[in-house]
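Listed here are the chains, written in short residue letters.
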Amino acid sequence: MSTARTGDVGIYYEQFGDRALPTLLLVNGLGSQCINYAEEWCNLFCAEGFSVVRFDNRDVGLSSKLDGVDYTLADMADDAVAVLDDLYVDRAHVMGCSMGGMIVQRLAIDHPDRLLSMTSVMSRTGEAGYGESSEEALAFLMAPPAESRSAYIESHVAALHVYGSKPEWLDEDDIRRRAGAAYDRCFCPAGIPRQMTAVGRDGSRSDELMQVDLPVLVIHGSRDTLIDPSGGRRTAELVPGARYVEIEGMGHDYPRPVWEQWVGAWGEFVSGTAAPGASRA
């Protein structure tokens, strides 16, 4: 448990596994805290032979809150680089979900020298017409902040029944437990519109993605209605040589039943990438 600095911004992060192994940096989505990458899930990636790092984006969790401050996805990508710097990691594999996928795309564009590979999950390119939300899913995204802990939890459960994975994969007791843990750790709804503004300002990354020269994996769930699978397919279409994996039955979430398939697909992808670089001395 440590904090990296980028200017006046502090970025909280946690590391799992042997630091001598290649690093996988996990990047969160809109308003999402690093604990969304469950420790047990992180350990599955460690078992594949990696050191795993998860962190809170600016404006969420235990990282700095930026009331009245404008920032961009490029700034959020710089935060990820600051975490790598704090760990003395020259190059890392990066994986981001939803807005985190947009951040790792920006990393691949702006900081390709710091990446071994990029994995964009349940995300989009910023182009209109690809990865759009259904009206019902968008209503949850744009809803006013919950007014109590119980309302927050129940809203999270209801949302996952709209844009989450197939019903038999949704463990409501686990969803409630995890939502409650997130609320108790840090409930900061004011950061979400600032993050949304950063996403909007980034616009389309299509032209820049066509210039990415890195191993790239794109993962999407077939049932995702918050970011339609067309967003993932378009990302893979634009990046030269990108591999696309669509997980049948998965929505805009990562329930336990998909972990094995997800980690397996990622491990197979990474095994075919270039040999990892060394940590910084």
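Residues numbered from 1 in each chain as written. Predicted model: local features only at pLDDT ≥ 70, side-chain atom pairs only at ≥ 80, totals over all residues. Heavy atoms only, no water.

Caption draft 1: Fine view of the packing of aromatic side chains. For the coordinates displayed, the defined rule picks out twelve aromatic pairs. Seen in terms of ring centroids, Trp41 and Tyr254 are 5.1 Å apart; in terms of plane orientation they differ by 35 degrees. Their pairing is tilted. Of the two residues, Trp41 sits in helix H1 (residues 39-47) while Tyr254 sits in the loop between strand E8 (243-247) and helix H10 (256-271), which places them 213 residues apart along the sequence. Considered together, Trp41 and Tyr254 belong to a single accessibility category, that of buried residues. Judged by centre distance (6.0 Å) and plane angle (80 degrees), the rings of Tyr254 and Trp262 are edge-to-face. The class of Trp262 is buried, set by a relative accessible area of 0%. Taken together, the ring pairs in this structure connect Tyr37, Trp41, Phe45, Phe50, Tyr254, Trp259, Trp262 and Trp266 into an aromatic cluster. When the ring centre of Tyr71 is taken as reference, the NZ or CZ atom of Arg58 above it lies at 5.0 Å. (Phe/Tyr/Trp six-rings, centres within 6.5 Å; stacked < 30°, edge-to-face > 60°. Helix = DSSP H or I, 4+ residues; strand = E, 2+ residues; numbered from the N terminus. Buried < 20%, exposed > 50% of the residue type's maximum accessible area, 1.4 Å probe, protein only. Lys NZ or Arg CZ within 6 Å of the ring centre and 35° of its normal.)

Caption draft 2: Fine view of the sheet that holds strand E4 (residues 51-55). Taken together, eight strands build an open sheet; the order of strands is E1-E2-E4-E3-E5-E6-E7-E8 and the sheet is mixed. Taken across any chain shown, the strands that pair with only one partner, and hence form the sheet edges, are strand E1 (2-6) and E8. Taken pair by pair, the neighbouring strands of this sheet meet at an average axis angle of 25 degrees, ignoring direction. Pairing of strand E5 (residues 92-97) with strand E6 (residues 115-121) involves six bridges; the strand directions are parallel. Bridged to Val94 within E6 is Met118. (Pairing = 2+ DSSP bridges. Axes fitted to C-alpha atoms, helices over the stretch in contact; angles between N-to-C directions.)

Caption draft 3: Focus on the side chain of Gln105. Its place among the elements puts Gln105 in helix H3 (residues 99-110). For Gln105, a relative accessible area of 0% corresponds to the buried category. A polar atom in the side chain of Gln105 sits 3.1 Å from the side chain of Ser120. Setting aside its immediate chain neighbours within four residues, Gln105 contacts Met118, Ser120, Ser123, Arg124, Thr125, Arg205, Leu209 and Thr235. (Polar contact = N/O pair within 3.5 Å; in protein donor to acceptor, adjacent residues only side chain to side chain. Contact = heavy atoms within 4.5 Å.)

Caption draft 4: Seen up close, the pattern of salt bridges. Taken as a whole, this structure holds 21 salt bridges when the rule is applied. With a closest N to O distance of 2.7 Å, Asp59 and Arg194 form a salt bridge. Of this pair, Asp59 sits in the loop between E4 and helix H2 (73-86) while Arg194 sits in helix H7 (residues 191-202), and the two are 135 residues apart along the sequence. The partner of Arg234 in a salt bridge is Glu237, with the nearest N and O atoms 2.5 Å apart. Highlighted residues: Arg234 and Glu237, both in helix H9 (residues 230-238), separated by three residues, approximately one helical turn. On the accessibility criterion, Arg234 (15% relative accessible area) is buried. Here the salt bridges share partners, and the residues they tie into one network are Arg106, Asp110, Asp202, Arg205 and Glu208. (Salt bridge = Lys/Arg side-chain N within 4 Å of Asp/Glu carboxyl O.)

Caption draft 5: Unusual backbone geometry, seen in detail. For Tyr88, which is not glycine, the phi torsion reads 60 degrees and is therefore positive. Following the sequence through the fold, Tyr88 ends up in the loop between H2 and E5. According to the relative accessible area criterion, Tyr88 is partly exposed, its value standing at 49%. The phi angle at Met122 is positive, at roughly 40 degrees, despite the residue not being glycine. Looking at where Met122 falls in the secondary structure, it is placed in the loop between E6 and helix H4 (135-142).

Caption draft 6: Highlighting the environment of Ala143. By the element assignment, Ala143 lies in the loop between H4 and helix H5 (149-163). Of the residues examined, Ala143 reaches a relative accessible area of 40% and is grouped as partly exposed. In this structure, the C-alpha to C-alpha distance between Ala143 and Ser155, residues twelve residues apart in sequence, is 9.7 Å.

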